[in-house]
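# Structural overview for review
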Amino acid sequence: MITNRGMLKWQPFNALVSSGKMINEVLSEKNKIKMPVLSDDQIQELQNKIIISFNNQTNIKIKYYRDGRFYLMEGKVTNIDGNRQRITINANFFVFFSQIIEIY
């Protein structure tokens, strides 16, 4: 004879869903990349490219590091803030000098 178990059959499934978030967070942390260390010459070259792009108002591609991942951003440098050590791209996005890895 088959009996109706009602909602009892869904309880184990709900337990797995809530632990799934934790598993995804652990995997995300595990896949993070360490930020590469740049030499003083590389840093100086990046700064020169930023200044040239700002003065000529040309587009640049910036590869930057944030939260264990690399990202690409393309646009015009609209502001260089030396006090906060950051640049503004396309008037609405900023990136800190210390996060910049490469400029194309």
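Description of the structure in this document.

So, on to the pattern of salt bridges. What the rule picks out here adds up to three salt bridges. With its nearest N and O atoms 3.9 Å apart, the salt bridge here joins Asp81 to Arg84. By relative accessible area, which is 19% here, Asp81 ends up buried. The exposure class assigned to Arg84 is exposed, which follows from its relative accessible area of 53%.

Under the counting rule described, the total for this entry stands at four aromatic pairs. Geometrically, the ring pair formed by Tyr64 and Phe93 is tilted, given 5.6 Å between the ring centres and 50° between the ring planes. With Tyr64 in strand β1 (residues 59–66) and Phe93 in strand β4 (residues 93–96), the pair connects residues that are 29 residues apart, well separated along the chain. Site record: aromatic cluster; members linked through ring pairs are Tyr64, Tyr71 and Phe93. Residue placement shows Lys63 over the ring face of Phe70; its charged tip is 4.9 Å from the ring centre.

As a further point, take the nonpolar core. One finds Ile62, Ile87, Ile89, Val95, Ile100 and Ile103 to be the most contacted residues of the largest nonpolar core, which totals 13 residues. For this core, the elements supplying multiple residues, two or more each, are α2 (40–56), β1, β2 (69–81), β3 (86–89), β4 and β5 (100–103). If you tally residues by element for this core, the top one is β1, at three residues. What Val95 contacts, discounting residues up to four positions off in sequence, is Tyr64, Arg66, Arg86, Ile87, Ile89 and Ile100.

Once that is clear, we can look at α2. The end-to-end C-alpha distance of α2, which contains 17 residues, comes to 24 Å, matching closely the 24 Å that a straight helix rising 1.5 Å per residue would cover. Considered for burial, the residues of α2 that qualify are Leu46, Ile50 and Ser53. Taken end-on, α2 shows its buried residues confined to a sector of 70°, consistent with a single buried face. In α2, the exposed residues that point more than 90 degrees away from the buried face are Asp40, Asp41, Ile52, Asn55 and Asn56.

What follows concerns unusual backbone geometry. One non-glycine residue with positive phi stands out, namely Asn90, at about 55°. In this structure, Asn90 sits in the loop between β3 and β4. With a relative accessible area of 35%, Asn90 lands in the partly exposed category. Its identity as a non-glycine residue notwithstanding, Ala91 has a phi of 65°, on the positive side. By secondary structure assignment, the location of Ala91 is in the loop between β3 and β4.

Scoring rules and cut-offs
Residues numbered from 1 in each chain as written. Predicted model: local features only at pLDDT ≥ 70, side-chain atom pairs only at ≥ 80, totals over all residues. Heavy atoms only, no water. Salt bridge = Lys/Arg side-chain N within 4 Å of Asp/Glu carboxyl O. Buried < 20%, exposed > 50% of the residue type's maximum accessible area, 1.4 Å probe, protein only. Phe/Tyr/Trp six-rings, centres within 6.5 Å; stacked < 30°, edge-to-face > 60°. Helix = DSSP H or I, 4+ residues; strand = E, 2+ residues; numbered from the N terminus. Lys NZ or Arg CZ within 6 Å of the ring centre and 35° of its normal. Core = buried A, V, L, I, M, F, W, Y, C linked by side-chain atoms within 4.5 Å. Contact = heavy atoms within 4.5 Å. Expected span 1.5 Å × (residues − 1). Arc of directions from axis to C-beta.

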